[in-house]
Amino acid sequence: MEREKLFIFDTTLRDGEQTPGVNLTVDEKVQIAKQLEKLGVDVIEAGFAISSPADFEAVKRIAKEVKNSTVCSLARAVEADIKTAWEALKEGNRVRIHTFIATSDIHLKYKLKMSRDEALKRAVEAVKLIQDVSEGKAEVEFSAEDAGRTDLKYLFEVLEAVIEAGAKVVNIPDTVGYAVPDEWYERILAIKENVPNIDKAIVSVHCHNDLGLATANSLMAVKAGARQVECTINGIGERAGNAAMEEIVMAIKVRPDQFPVYTDIDTKQIYKTSQLVSRLTGVLISRTKPIVGDNAFAHESGIHQHGVLECRETYEIMKPEDIGLKESKIVLGKHSGRHAFRKKLEEMGIELEEEKLEEAFRRFKELASRKKEIYDVDIELIIEGLEGEKKE
Ligand code: KIV
Ligand code: ZN
């Protein structure tokens with residue numbers, strides 16, 4: 001199978017920062033951007049330059065300091081936005097302006113109070129203006145906001161027109177996270193098959209997670225021919241968040257039989273990036289979050305622990321090392337068996353004769369029936385208790 005590159009567009013610093021309650025300083029944004037560069041993302045959406053002086057400053061600094069990823073600013077299809085975005089980006093190495101306008105009837109009627117024809121004209125003008133103000137130096141990405149609820153025939157017309165005007169990436173956002181996977185697949189496939197000049201641009205998707213389907217929808221879009229996905233670290237973002245980068249990237253890595261693409265992400269940087277974003281944004285990661293949650297590589301039940309200790313693949317479909325973690329975590333708790341307990345003692349350098357080991361295990365099980373997680377110190381106390389009894 002000939003694999004094509006899937007471009008990873010990270011919007012942690014733009015859509016991710018729109019997470020209610022999150023407010024990153026410029027320095028924090030630069031720190032995250034440098035880590036995203038190490039992670040190997042293709043595009044970093046550094047902010048929405050016109051939205052605040054701090055966003056402008058962050059985009060400007062990131063454009064200057066990041067060399068190996070394209071740096072991007074969001075801009076409405078409005079002259080002032082586009083000029084400000086270019087001002088912030090112009091000292092960068094590889095830069096992109098991401099312009100957008102809503103195309104669904106509900107957004108056109110209630111938000112923009114604009115006709116379909118007018119929105120199409122504005123989209124084309126914005127794409128041309130980016131090329132003019134940047135003298136062709138900025139890449140042009142166009143997003144049809146709320147594309148998931150846009151009349152399909154009209155969406156084809158808009159995409160054809162913006163590609164004709166020079167857009168090199170056309171992004172199809174499921175702005176409100178309304179799509180379901182097979183429907184989303186059909187929509188992307190229809191775009192690939194019905195927009196006459198679609199091969200002159202990269203088709204991108206941007207999925208929100210309101211129904212918990214953002215990762216599934218992004219992956220279905222890849223199957224239908226999308227070659228850029230927009231996502232955030234830990235899936236942070238507006239409302240229920242955006243598609244989580246770590247989930248998309250690892251699904252593609254773990255199931256190459258399903259996706260004819262590769263990414264340039266250094267997956268060993270995933271855990272570190274996830275921790276950094278969580279610490280700086282203050283958005284905690286659920287223990288059961290796929291890939292990066294505390295429990296993602298933890299095994300508690302005795303049967304699972306035994307299996308993993310004998311052969312990791314029994315209950316692990318990816319290695320913790322793949323995301324930059326040292327090893328799986330054997331969590332001792334009420335479901336743990338002798339095998340894991342013995343292994344834990346070995347790790348702690350504790351040797352016990354068989355009879356003592358049996359007694360220590362009995363006490364451990366008794367404690368675990370009352371206490372959720374058993375820490376090393378609990379085991380030390382059990383052993384000390386046993387030792388103390390020996391001396392009496
Ligand atoms: O969700 C959305 O539609 C967006 C666009 C600006 C791409 O974030
Ligand atoms: Zn969004």
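Residues numbered from 1 in each chain as written. Chains lettered and ligands numbered in written order. Predicted model: local features only at pLDDT ≥ 70, side-chain atom pairs only at ≥ 80, totals over all residues.

Participant: What is the right way to look at the overall build of the protein chain in this model?
Facilitator: What the protein chain contains, in helices and strands, is 14 helices and twelve strands. Principal-axis analysis of the C-alpha atoms gives the protein chain an extent of 90 × 40 × 40 Å. A total of 392 residues make up the protein chain; the buried ones form 44% of that total. For the protein chain, contacts bridging at least 24 residues in sequence account for 72% of all contacts bridging at least 6. (Helix = DSSP H or I, 4+ residues; strand = E, 2+ residues; numbered from the N terminus. Buried ≥ 20, exposed ≤ 12 C-beta atoms within 10 Å, placed from the backbone. Contact = placed C-beta atoms within 7 Å.)

Participant: Can you help me understand the pairing of strand 7 (residues 169-174) in this one?
Facilitator: Burial runs high along strand 7: six of the six residues are buried. A two-sided burial pattern is seen for strand 7, the buried positions comprising Val 169, Asn 171 and Pro 173 on one face and Val 170, Ile 172 and Asp 174 on the other. As paired strands, strand 6 (residues 138-145) and strand 7 are joined by three bridges and run parallel to one another. Bridge pairing in strand 7 places Glu 141 opposite Val 169. The β-α-β motif built from strand 6, the intervening helix 6 (residues 152-165) and the parallel element strand 7 has right-handed crossover chirality. (Pairing = 2+ DSSP bridges. Right-handed = clockwise from strand over helix to strand, strands pointing away.)

Participant: Which parts of the structure should I look at to understand the UniProt feature "binding site: Mn(2+)" (unreviewed entry) in the protein chain?
Facilitator: If you check UniProt for "binding site: Mn(2+)" (unreviewed entry), the listed places come out as Asp 15, His 206, His 208 and Asn 242 in our numbering. Spanning 228 residues, the named residues form one tight spatial group whose C-alpha atoms are at most 10.3 Å apart. Take Asp 15: it is sitting in the loop between strand 2 (7-10) and helix 1 (26-39). Asp 15 gets classed as buried once you count the C-beta atoms within 10 Å, which come to 23. Apart from residues no more than four positions distant in its own chain, Asp 15 is found in contact with Thr 232, Gly 237, Glu 238 and Asn 242. Inspection of the secondary structure puts His 206 in strand 8 (residues 202-207). On the neighbour-count criterion, His 206 (29 C-beta atoms within 10 Å) is buried. The contacts of His 206, once residues within four sequence positions are left out, are Ser 143, Asn 171, Pro 173 and Glu 230. (UniProt positions renumbered as here; feature names shortened; annotations may be inferred.)

Participant: Could you clarify how one ought to interpret the sheet that holds strand 2 in this entry?
Facilitator: Remark on secondary structure: sheet strands pair via backbone hydrogen bonds, oriented parallel or antiparallel. Strand order in the closed barrel formed by eight strands is 2-3-4-5-6-7-8-9, with parallel pairing between adjacent strands. When the angles between neighbouring strand axes are averaged without regard to direction, this sheet yields 25°. Alignment of strand 7 against strand 8, held across six bridges, turns out to be parallel. Bridge pairing in strand 8 places Asp 174 opposite Cys 207. Contacts between helix 2 (residues 53-65) and the sheet are confined to strand 3 (43-47), strand 4 (70-76) and strand 5 (95-102), with strand 3 contributing the most and set at about 150° to the helix. (Axes fitted to C-alpha atoms, helices over the stretch in contact; angles between N-to-C directions.)

Participant: Would you explain the UniProt feature "coiled-coil region" (unreviewed entry) in the protein chain in this entry?
Facilitator: The feature "coiled-coil region" (unreviewed entry), as given by UniProt, occupies residues 338-370 in the numbering adopted here. Across residues 338-370, the secondary structure splits into 76% helix and 0% strand, with the terminal C-alpha atoms separated by 18 Å.

Participant: Looking at this structure, I do not really get helix 3 (residues 79-89). What am I missing?
Facilitator: Since the α-helix packs 3.6 residues into each turn, any two residues three or four apart lie on the same face. When helix 3 is considered as a whole, its buried residues turn out to be Asp 81, Ile 82, Thr 84, Ala 85, Trp 86, Ala 88 and Leu 89. Structurally, helix 3 contributes buried residues whose contacts are with helix 2, strand 4, strand 5, helix 5 (116-133) and strand 6.

Participant: Hey, could you run me through unusual backbone geometry in this one?
Facilitator: Excluding glycine, residues mostly carry a negative phi; peptide bonds, for their part, are mostly trans. Look at Glu 135: it is not a glycine, yet its phi comes out positive at around 50°. Checked against the element boundaries, Glu 135 lands in the loop between helix 5 and strand 6. Positive phi values are uncommon outside glycine, yet Ile 291 reaches one of about 70°. Structurally, the position occupied by Ile 291 is in the loop between helix 10 (270-281) and strand 11 (298-299). Exposure remark for Ile 291: the 25 C-beta atoms within 10 Å place this residue in the buried category.

Participant: Hey, could you run me through the site of ligand 1 in this one?
Facilitator: In the region of ligand 1, the neighbouring residues are Asp 15, Phe 100, Ser 143, Glu 145, Asn 171, Pro 173, Thr 175, His 206 and His 208. Contributions of two or more residues to the shell around ligand 1 are made by strand 6 and strand 7. Taken together, the residues of the shell around ligand 1 break down into two nonpolar, five polar and two charged. (Near = placed C-beta within 6 Å. Nonpolar A, V, L, I, M, F, W, Y, C, P; charged D, E, K, R; others polar.)

Participant: So what exactly am I meant to see when it comes to the nonpolar core here?
Facilitator: Across soluble globular proteins, you tend to see nonpolar side chains buried next to one another. Of all hydrophobic cores here, the largest spans 99 residues; its most connected members are Ile 44, Ala 46, Ile 62, Ala 123 and Val 229. Counting residues per element, this core draws most heavily on helix 5, at seven residues. Not counting residues within four places of it along the chain, the set of residues in contact with Ala 46 comprises Leu 13, Lys 29, Ala 33, Ala 58, Val 59, Ile 62, Ala 63, Val 71, Cys 72 and Ser 73. Counting residues in each nonpolar core, the second largest holds nine residues, with Phe 341, Phe 364, Ile 374 and Ile 379 among its members. (Core = buried A, V, L, I, M, F, W, Y, C linked by C-beta atoms within 7 Å.)

Participant: Looking at this structure, how should I read the packing of helix 3 against helix 5?
Facilitator: The axes of two packed helices give the description: the angle between them and the distance between them. Where helix 3 meets helix 5, the closest approach of the two axes is 10 Å, and the angle between their N-to-C directions is 35°. Of the two possible hands of crossing, helix 3 and helix 5 adopt the one that is right-handed. Residues Glu 79, Ile 82, Lys 83 and Trp 86 of helix 3 touch helix 5, and the partners they reach there are Ala 126, Leu 129, Ile 130 and Val 133. Residues that form the contact of helix 3 with helix 5 fall into these classes: six nonpolar, no polar and two charged. (Left-handed = near helix turned anticlockwise from the far one by under 90°.)

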